[in-house]
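Overview (structure and organization)
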Amino acid sequence: MSTNHNGEFFYPSEELKSKLHVKNYDEIYQYAAEHPESFWSVIASELSWFKPWDKVLEWEYPFARWFVGGKTNIAYNALDRHVNTWRRNKLALIWEGENAEVRTYTYLQLQREVNRFANVLKAMGVQKGDRVSIYLPRIPEQMIAMLAAAKIGAIHTLVYAGFSVEALRDRINDAESKIVVTADGGFYNGKVVPLKNIVDEAVSKCPSIISVIVVKRTGADVDMTPGRDLWYHELMALPIASPKCDAEEMDATDPLFILYTSGTTGKPKGVVHSHGGYMVGTYITTKWVFDMKEEDTHWCTADSGWVTGHSYVVYGPLLNGATTVMYEGAPTYPLPDRWWSIVERHNVTIFYTAPTAIRSLMRYGSSWVNRRDLSTLRILGSVGEPINPEAWLWFYKIIGQERCPIMDTWWQTETGMHIITPLPCTPLKPGSASKPFPGIVVDVVDEEGESVKPGEEGFLVIKTPWPAMLQTVYKDPERYKQQYWSRFPGVYFAGDSAKKDEDGYIWIIGRVDDVIKVAGYRLGTAEIESALVSHPAVAEAAAIGKPDPLKGNIIKVFVILKFGYEPSEKLAQELKNHVGHELGPIAKPAEIQFVESLPKTRSGKIMRRVLRAQELGQPVGDLSTLEE
Ligand code: WTA
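Sequence order as written defines residue numbering, which begins from 1 separately in each chain. Note on the predicted model: pLDDT of at least 70 is required for a residue's local features to be given, and 80 or more for side-chain atom pairs to be given and counted; whole-chain, interface and lining totals, by contrast, use all residues. Side-chain figures throughout are based on the complete set of non-hydrogen atoms in the structure, without hydrogens or water.

In plain terms, the rule: UniProt positions are given in the numbering used here, feature names are shortened, and annotations may be inferred rather than shown by experiment.
Within an unreviewed UniProt entry, the label attached to the protein chain reads Acetate--CoA ligase, and the organism entered is Thermodesulfobium narugense DSM 14796. Reading the Sequence similarities (unreviewed entry) entry of the UniProt record for the protein chain gives the comment "Belongs to the ATP-dependent AMP-binding enzyme family."

**Focus on the packing of aromatic side chains**
Describing an aromatic ring pair means giving the distance of the ring centres and the angle of the ring planes. Rules: Pairing of aromatic rings covers Phe, Tyr and Trp, the last through its six-membered ring, and needs centres within 6.5 Å; plane angles under 30 degrees mean stacked, over 60 mean edge-to-face, and all others mean tilted. For helices the rule is a DSSP run of H or I covering at least 4 residues; for strands it is a run of E covering at least 2, with both sets numbered from the N terminus onward. For every residue, the accessible area (1.4 Å probe, protein chains only) is compared with the maximum for its type, and the residue is labelled buried under 20%, exposed over 50%, or partly exposed between those bounds. Two thresholds decide whether a charge sits over a ring: the Lys NZ or Arg CZ must be within 6 Å of the ring centre and within 35 degrees of the ring normal.
Enumeration over the complete set of coordinates arrives at 46 aromatic pairs. Geometrically, the ring pair formed by F459 and F493 is edge-to-face, given 6.1 Å between the ring centres and 70° between the ring planes. With F459 in strand 22 (residues 457-462) and F493 in strand 24 (residues 492-500), this residue pair connects regions lying 34 residues apart in the sequence. Of the residues examined, F493 reaches a relative accessible area of 12% and is grouped as buried. Taken together, the ring pairs in this structure connect F39, W40, W49, W53, W66, F67, W288 and F437 into an aromatic cluster. Positioned above the aromatic ring of W95 is the side chain of R103, whose terminal nitrogen or guanidinium carbon lies 5.0 Å from the ring centre. The aromatic ring of F163 is capped on one face by R171, whose charged end is 4.5 Å from the ring centroid.

**A short note on the site of the ligand**
Basically, it comes down to this: Here a residue is near a molecule or strand as soon as one of its heavy atoms is found within 4 Å of it. In protein, a polar contact requires one atom able to donate a hydrogen and another able to accept it; more generally it is a pair of N or O atoms within 3.5 Å, and residues adjacent in sequence count only if both atoms are side-chain atoms. In short, Shrake-Rupley with a 1.4 Å probe defines the accessible areas, and a residue's cover is counted only from the protein chains shown. Here the nonpolar group is Ala, Val, Leu, Ile, Met, Phe, Trp, Tyr, Cys and Pro; Asp, Glu, Lys and Arg are the charged ones; every other residue, Gly included, is treated as polar.
As a matter of local geometry, the ligand sits amid 17 residues, with D408, T409, T413, R511 and R522 nearest to it. Side-chain polar atom of D408 to a nitrogen atom of the ligand: 2.7 Å apart, as the coordinates give it. With the chains in place, 96% of the 530 Å² that the ligand exposes on its own is no longer accessible. Across the shell around the ligand, the residue classes tally to 6 nonpolar, 5 polar and 6 charged.

**As for the sheet that holds strand 18 (residues 350-353)**
Sheet strands associate in pairs through backbone hydrogen bonding, adopting either a parallel or an antiparallel arrangement. Applicable threshold: Being paired, for any two strands, means DSSP has found at least two bridges between them. To obtain an axis, a line is fitted to C-alpha atoms, over the contacting stretch when the element is a helix, and the angle between two such axes runs from 0 to 180 degrees between their N-to-C directions. A contact between two residues is defined here by any heavy atoms of the two lying within 4.5 Å.
Here we have 7 strands laid out as an open sheet, ordered 5-4-17-16-18-19-20, and mixed in their pairing. Sheet topology places strand 5 (102-106) and strand 20 (406-409) at the edges, where each strand pairs with a single neighbour. Direction aside, the axes of adjacent strands within the sheet are offset by 20° on average. Note: strand 18 against strand 19 (residues 379-383), 4 bridges, orientation parallel. When the bridges of strand 19 are listed, F351 appears paired with L380. Each of strand 4 (91-96) and strand 5 touches helix 5 (residues 107-123); the most contacted strand, strand 5, lies at about 95° to it.

**Points about the pairing of strand 19**
Most of strand 19 is tucked away: 5 of the 5 residues are buried. Side chains I379, G381 and V383 of strand 19 all project onto a buried face; the interleaved residues L380 and S382 project onto the opposite face, where all are buried too. Note that strand 19 and strand 20 share 4 bridges and pair parallel. Among the inter-strand pairings, S382 is bridged to a residue of strand 20, identified as D408.

**Topic: the sheet that holds strand 24**
The 4 strands lie next to each other as 21-22-24-25, forming an open sheet whose pairing is antiparallel. Looking along the sheet, the strands with just one partner apiece sit at the ends: strand 21 (442-445) and strand 25 (506-511). Strand after strand, the sheet turns through a mean of 45° between neighbouring axes, direction not considered. Where strand 24 lies against strand 25, 5 bridges are found, and the strand directions are antiparallel. Bridge pairing in strand 25 links S497 to G510.

Rendered as structure tokens:
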């Protein structure tokens, strides 16, 4: 369905509106625009600081340092701050395994588990600033490991469990992690997802790793390498695993985590986020965008291996003292109403998911939804790709029963927090992420960096720094400058195209670089291509995203075979499996086409744009740089 770029408005009910944290967006936006530093500092003071900051923002273009001189710890704010109040006995986490097992943790219980694991890490020699890789399924230990690392000032770096050997190895090696935390597997769609053998293969070429900590989840047989591999539950039973651990007092600008994300070229970039600014950004966006209150139960369906899980499964909800829900498995296991049954049984009030999931669940029809009681829901959210109005309306009518506004949140791994998003008081247009969050200034510009007219397509840019802004690319500040701040000097280039309408609403169109969004997952053409050329039959490869009604995009690759290899169905299948093994099942190409040549620039760069246009039967545009 095409997007209607002016559309009708959907308004929140007066009843909902009367109880919101923010009732008037324009007023707050205006205030924040005029007094950005006082705006952000008032928000920051809602959190706990060991020492207040001297300066709200030090902006040495393009490096922003927020809350300079301030000392804090995000894990202290997510746990200890609440444990010191009546909230200690309130549920922090409700976890449900795919096998219907349920585990709950109060704030006090979660804090103790985190402290125990923090002490284990310390005893293993992990110090402030050291990196800890986490490669876990969606189980409570994923969150515990993150918070434990943060508590002692170590830097966590998660790798989504849908990634495989080569992807994991590259990320561990770039981060030079000492430890990797993994599991004997996880349950997904009725099967055990093996992780340990992937870690073994990856770590065989990771010289920095001293130890592999393995959580027992499925009971599957795994090889344990003596002297290197240790069971999580055995470590947690040792006397060193004391439930008491003081939070390390961190500079607000100290790194909290590195999360790798696909970029335009080469290896994935290590996006670095801080304790202070990231904390303030995720805290307030969770509070205002989802109107989060004390009594809320928040379920974000994302995996914490991605930024959405970091910010809105773990940190945002816990910083707000709410209850967060985590579900291990597939949305349709054992039946297509699994998600709705989770909403019903755990009384979820805020539900945040991705358009691709909505589209796939829509296909099963509304009767699966209607057999469940979803009356606890109050606010809905969408993230990861543009939501088509058809899916928006189904989400609104069938899931939200026309009662719950949908927050279509545009943001990125790099932004750390929501950037363009409605608040629940905002009149909504299905398919538009609406307007920037207060304190944030965005624009849509043309090739020259000039604002485009309403209705015209252009590049999305962010014009002023924001607290949860990435600090740099790990070990590569030049790449940070180059990637984000060189396309349009003075402003942050997001890599997306967009339009602005007459009402100032922003409509995101999609990536304009070599990033492909598949079912909301962010993948880079470069990584897919390098996985392909690591196969002995492949001479060269080019990957493109091809629009797909369910997944947003699928991956199509064009492959030139080496001399002596013949195209065949069998070889195509082998190449798909090879990418699955190297990079991960989520990156498996859906289509492979064998070709004799690829369109290239005179300097030898593959012109994916041309391949894509040809594939879609669109005009190929400017070909002046194409080699003969
Ligand atoms: C896309 C995910 C349209 C966009 C949080 C962005 C969206 C990329 C939306 C970042 C949205 C995210 N509407 N597109 N509401 N949210 N995107 O780093 O292309 O995995 O640049 O972060 O997702 O993907 P990432």
